[in-house]
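Spelled out from the first residue to the last, the chains are:
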Amino acid sequence: MSMQQTLPLPGVTPERTGGHRTDHLLVADMVRPGSRVLDVGCGDGELLQLLESRGIDGRGIELSREGVNRCVAKGLAVVQGDADTDLVNYPDDAFDYVILSQTLQATRQPRVVLENLLRIGQRAIVSFPNFGFWKMRLQLLVGGHMPRTENLPATWYDTANIHFCTIKDFVQLCDEINVKMERAVALDLYGRPVPLNLPWWVWNMFGEQGVFLLSRGGGK
Amino acid sequence: MSNVRPITSQPVPSDDRAHEADHPTSLVAKFGMDQPLKLDCGVDLAPFQIAYQTYGTLNAERSNAILICHALTGDQHVNNIHPVTGKPGWWDTMVGAGKPLDPDNYFIICSNVIGGCMGSTGPASHNPATGKVWGLDFPVITIPDMVRAQAMLIDRLGIDTLFCVAGGSMGGMQVLQWTAAYPERVFCALPIACATRHSAQNIAFHELGRQAVMADPDWRGGRYVDEHTHPHRGLAVARMAAHITYLSDAALHRKFGRRMQDRELPTFSFDADFQVESYLRYQGSSFVERFDANSYLYLTRAMDYFDIAADHNGALAKAFTGIKTRFCVVSFTSDWLFPTSESRALVHALNASSARVSFAEIETDRGHDAFLLDVPEFFEISRAFLQAAGKARGLASGEGQS
């Protein structure tokens, strides 16, 4: 499992606004100032640096040793770890937000990971590639083969992404485990928000990835 | 490296070393009968002294002090020529101008641990009550005792909060003990290649070393100084065994392989045919010239007893509850004495305490001793961690800008 695949993936240059990646700015805007954040799969720490520049107390977990060492060399508080195995070691309510960026689909147990995110954090911010994106559908329907895109170039036999889902699937999982969606945004190939407030099925078709701000649902 | 140096021809150790135990070639803080060191074993040790070295200058705010804690066989001579061996300081890869711990930016302190043999009171020191060397009459000391003594030294130096406490191996244990006992006095902590407790395997290795010392007939029940002998064979064997644990299979293979020492063919004897044998013999014999055998017993024992969780009802996280200290935990991939799993357990406990912790595992084949060697990635991380912490501490600009 790779935790350093923050969107966009190899091959696509993310759009930047004022020096920061547009998708990072979107996530950062979802975080209240002064809060405590855990970034699971923080890569080289670019998002954490953005958060810390806003006075947010940020921590990170990163699978790759190179990523961790680059983060620590930037003065960030990052530890080497794995979302599937290490989240259980964090106590309840340790953070205001836990961020999982482009990693859910690469975990062995996405449901358990998602439950852990909302146990550790009051809120979770989750982004993942949308397997319902029209390009994916077209490749499967017309090409008859497992989809490969600019952002997800790996073949079926060497991909780290073992649990793909669509935006619709994810919404259903949230319902099932009583997770409340506070905000949802679809992003295009370059990490730009799909501008219009469109119905779900449209996002599920035209969003290259989904970004969700989640909180614990009320008792069911 | 010398050729065959049998470990049987060692004389009684140099007068230099014996002299250092009472009259060190460094600064000394003396504590009188009115300021006893309260030891875990229940004894009040008084009088006693702490030998220490400093590098750099304490700033006006007294906010730039770094305490370095030395490892089992280290001492206060971090960055100067050693008074007994004549060799460079043991951590001059890490400390010095342009290094991560730069005396131009920080006031760096390192003291010989209590129980040591380089000038802090220990079994090699003279007991003022008897006029004789303490030997085994010296009370058994612990890692918390070492840290308590260091805290008294830091008080004496007029320093309230240390900017950083740093150290590897047994030094790392002291770092952790500092943060558990005096969290408000440690702004940031750099525990390297260490653990929150000594493992069964490590206790076993220490027991091997102690038995080697005590099996030497020249040990004389610990009274070798009075009887003008020295258990150099036993201590050398202890050092040889320990030294293997500081390296790795890969490092030994890379360094020596199966190469012969100054010969083409085996001698069909028990001479040191292999380079690795010759190397180990050298390590053993050079160690006994600078280290006291009883001190080795006491310090290995202190490490064995170390278990922070046990001091907090078995819950490691409780040792760090609410701690504000920033941590950078470092381990090395090939360190099998203090493996990464031990550091990870520490990190989990710190996470559970919501401490601000970084954790980096450095890839190297050089084993436990990597923290003493030239490992650029380790230095880069240490430097960046201290710079970021210095910024948060409001230290004047220029920290390690090299």
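Provided above is the structure to which this section pertains.
I will try to describe carefully the structure that is included in this document. In this text, all values refer to a predicted model and were calculated from it rather than measured experimentally.

## Some details on the overall build of chain B
Phase 1: Counting its secondary structure elements, chain B contains 10 helices and 12 strands.
Phase 2: On C-alpha atoms alone, chain B measures out to a radius of gyration of 21 Å, which is about the 21 Å that the 2.2 N^0.38 rule sets for 402 residues.
Phase 3: Over its C-alpha atoms, taken along the principal directions, chain B stretches across nearly 65 × 50 × 40 Å.
Phase 4: Relative to its full complement of 402 residues, chain B shows a buried share of 53%.

## What about the overall build of chain A?
Phase 1: Helix and strand counts for chain A come out as eight helices and nine strands.
Phase 2: For 220 residues, the compact-globule estimate of 2.2 N^0.38 gives 17 Å, and the C-alpha radius of gyration of chain A, at 16 Å, lies within 12% of that figure.
Phase 3: For chain A, the C-alpha atoms occupy an extent of roughly 50 × 40 × 35 Å along the three principal directions.
Phase 4: Counting contacts in chain A only where the partners sit at least 6 residues apart, residues at least 24 apart contribute 67% of the total.

## A few points about the interface of chain A and chain B
Phase 1: In this assembly, 15 residues from chain A lie in contact with 20 residues from chain B.
Phase 2: Elements supplying a minimum of two residues to the side of chain A that touches chain B: helix H3 (65–73) and strand E5 (77–80) of chain A.
Phase 3: By residue number, the principal contributor to the side of chain A that touches chain B is H3(A), which donates five residues.

## Some thoughts on the packing of helix H4 (residues 200–215) of chain B against helix H8 (residues 293–305) of chain B
Residue and element names in this part refer to chain B.
Phase 1: Look at H4 against H8: their axes get within 10 Å of each other, and the N-to-C directions meet at 160°. If you check the angle between H4 and H8, you find them roughly antiparallel. In this structure, H4 crosses over H8, and the sense of that crossing is left-handed. When H4 is examined against H8, the residues Ile 203, His 206, Gly 209, Arg 210 and Val 213 are found in contact with a partner set consisting of Ala 293, Tyr 296, Leu 297, Thr 300, Met 303 and Asp 304.
Phase 2: Along the lines of polarity and charge, the residues of the contact of H4 with H8 split into six nonpolar, three polar and two charged.

## So, H8(B)
Residues and elements named next belong to chain B.
Phase 1: Between its first and last C-alpha atoms H8 spans 19 Å; for 13 residues at 1.5 Å apiece the expected length is 18 Å, and the two agree.
Phase 2: Burial runs high along H8: 11 of the 13 residues are buried.
Phase 3: Taken together, the buried positions of H8 are Ala 293, Asn 294, Ser 295, Tyr 296, Leu 297, Tyr 298, Leu 299, Thr 300, Ala 302, Met 303 and Asp 304.
Phase 4: Close packing links the buried residues of H8 with helix H2 (143–156), helix H3 (170–181), H4 and helix H5 (232–246).

How each quantity is defined
Residues numbered from 1 in each chain as written. Chains lettered and ligands numbered in written order. Predicted model: local features only at pLDDT ≥ 70, side-chain atom pairs only at ≥ 80, totals over all residues. Helix = DSSP H or I, 4+ residues; strand = E, 2+ residues; numbered from the N terminus. Rg over C-alpha atoms; globule rule 2.2 N^0.38 Å. Buried ≥ 20, exposed ≤ 12 C-beta atoms within 10 Å, placed from the backbone. Contact = placed C-beta atoms within 7 Å. Axes fitted to C-alpha atoms, helices over the stretch in contact; angles between N-to-C directions. Parallel < 35°, antiparallel > 145°, perpendicular 65-115°, else oblique. Left-handed = near helix turned anticlockwise from the far one by under 90°. Nonpolar A, V, L, I, M, F, W, Y, C, P; charged D, E, K, R; others polar. Expected span 1.5 Å × (residues − 1).

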